[in-house]
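Structure assessment
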Amino acid sequence: MPSPFDILRRLMGGPAPLANLGPEHATPTDRAMMAHAITLARAAATRGEVPVGAVVYETATGRPLSHAANTREHDKDPAGHAEFTAIRHAAGLLGDWRLNGCTLVVTLEPCAMCAGLIVNARLGRLVFGALDPKAGACGSLMNLTQDPRLNHRTRPIQGLMADECAALLKDFFKARRTAR
Ligand SMILES: [Zn+2]
């Protein structure tokens, strides 16, 4: 059976469905990728992982390159954040550490570690769902992806399907609290 990612790849494999929107707007492709990232996040929650999902796709073609969810608990890895893994896999697949031509779609505002990787990978576009007032480094606590002192900047598109992204996290932490 094809995985949801295979289906998504097939759906998005055609010409770029980019509407005539400015760079500050989420595109229909962003929305489809976010829906997939939410599915990944939801599945991660059932494994006891903080529900965050991420997809990296080629901006011009809409071709999905990689997808990931949080794996910190399973891998006992502090770097096991969804977008961190997705970025590294996308670079490996492209054979290039520069991801200027790519878009990262992630359900939660990236932390300082992931925002640092976004800058280092020179990601072309960043789209995220919910804000993270406790650890977000793309506007909440700090703004690493738009710091003029760094050599690469990406202005994030934030708030795409934010309610759904935030509800996943809220439900997860609520369930964990009551389980204790
Ligand atoms: Zn992170």
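To keep things clear, this report deals only with the structure shown in the data block. (Residues numbered from 1 in each chain as written. Predicted model: local features only at pLDDT ≥ 70, side-chain atom pairs only at ≥ 80, totals over all residues.)

**Some details on the pairing of strand 1 (residues 53–58)**
- Burial analysis of strand 1 places six of its six residues in the buried class, the great majority of the element.
- Where burial is concerned, the two faces of strand 1 agree: the one with Gly53, Val55 and Tyr57 and the one with Ala54, Val56 and Glu58 are both buried.
- Here five bridges tie strand 1 to strand 2 (residues 64–69), and the two strands are oriented antiparallel to one another. In the strand pairing of strand 2, Ala54 is matched with Ala68.
- Turn length for the strand 1-strand 2 hairpin, with the two strands adjacent in sequence and antiparallel, is five residues, and the turn residue Gly62 shows positive phi of about 80°.
- The sheet contact formed by strand 1 and strand 3 (residues 102–108) spans five bridges and is antiparallel. The partner of Val56 across the bridge, within strand 3, is Leu104. (Buried ≥ 20, exposed ≤ 12 C-beta atoms within 10 Å, placed from the backbone. Helix = DSSP H or I, 4+ residues; strand = E, 2+ residues; numbered from the N terminus. Pairing = 2+ DSSP bridges.)

**A short note on the nonpolar core**
- If you look at the biggest cluster of nonpolar residues, it comprises 48 residues, and the most contacted ones within it are Ala37 and Leu104.
- When residues of this core are traced back to their parent elements, those giving at least two are helix 2 (28–46), strand 1, strand 2, helix 4 (82–94), strand 3, helix 5 (112–120), strand 4 (125–130) and helix 6 (162–179).
- Among the elements that make up this core, the one with the highest residue count is helix 2 (eight residues).
- Leaving out residues up to four positions away in the same chain, Leu104 has contacts with Ala54, Val56, Glu83, Ala86, Ile87, Ile118, Leu123 and Leu126. (Core = buried A, V, L, I, M, F, W, Y, C linked by C-beta atoms within 7 Å. Contact = placed C-beta atoms within 7 Å.)

**Looking at the sheet that holds strand 4**
- With respect to topology, five strands assemble into an open sheet ordered 2-1-3-4-5, the strand pairing being mixed. Strand pairing shows two members of the sheet lacking a second neighbour, strand 2 and strand 5 (157–158), which therefore form its edges.
- Note that strand 3 and strand 4 share five bridges and pair parallel. Within strand 4, the position partnered with Val106 by the bridge is Phe128.
- Sheet contacts for helix 2: strand 1, strand 2, strand 3 and strand 4; angle to strand 1, the most-contacted strand, approximately 150°.
- With respect to the sheet, helix 6 is in contact with strand 3 and strand 4, its orientation differing from that of strand 4 by roughly 60°. (Axes fitted to C-alpha atoms, helices over the stretch in contact; angles between N-to-C directions.)

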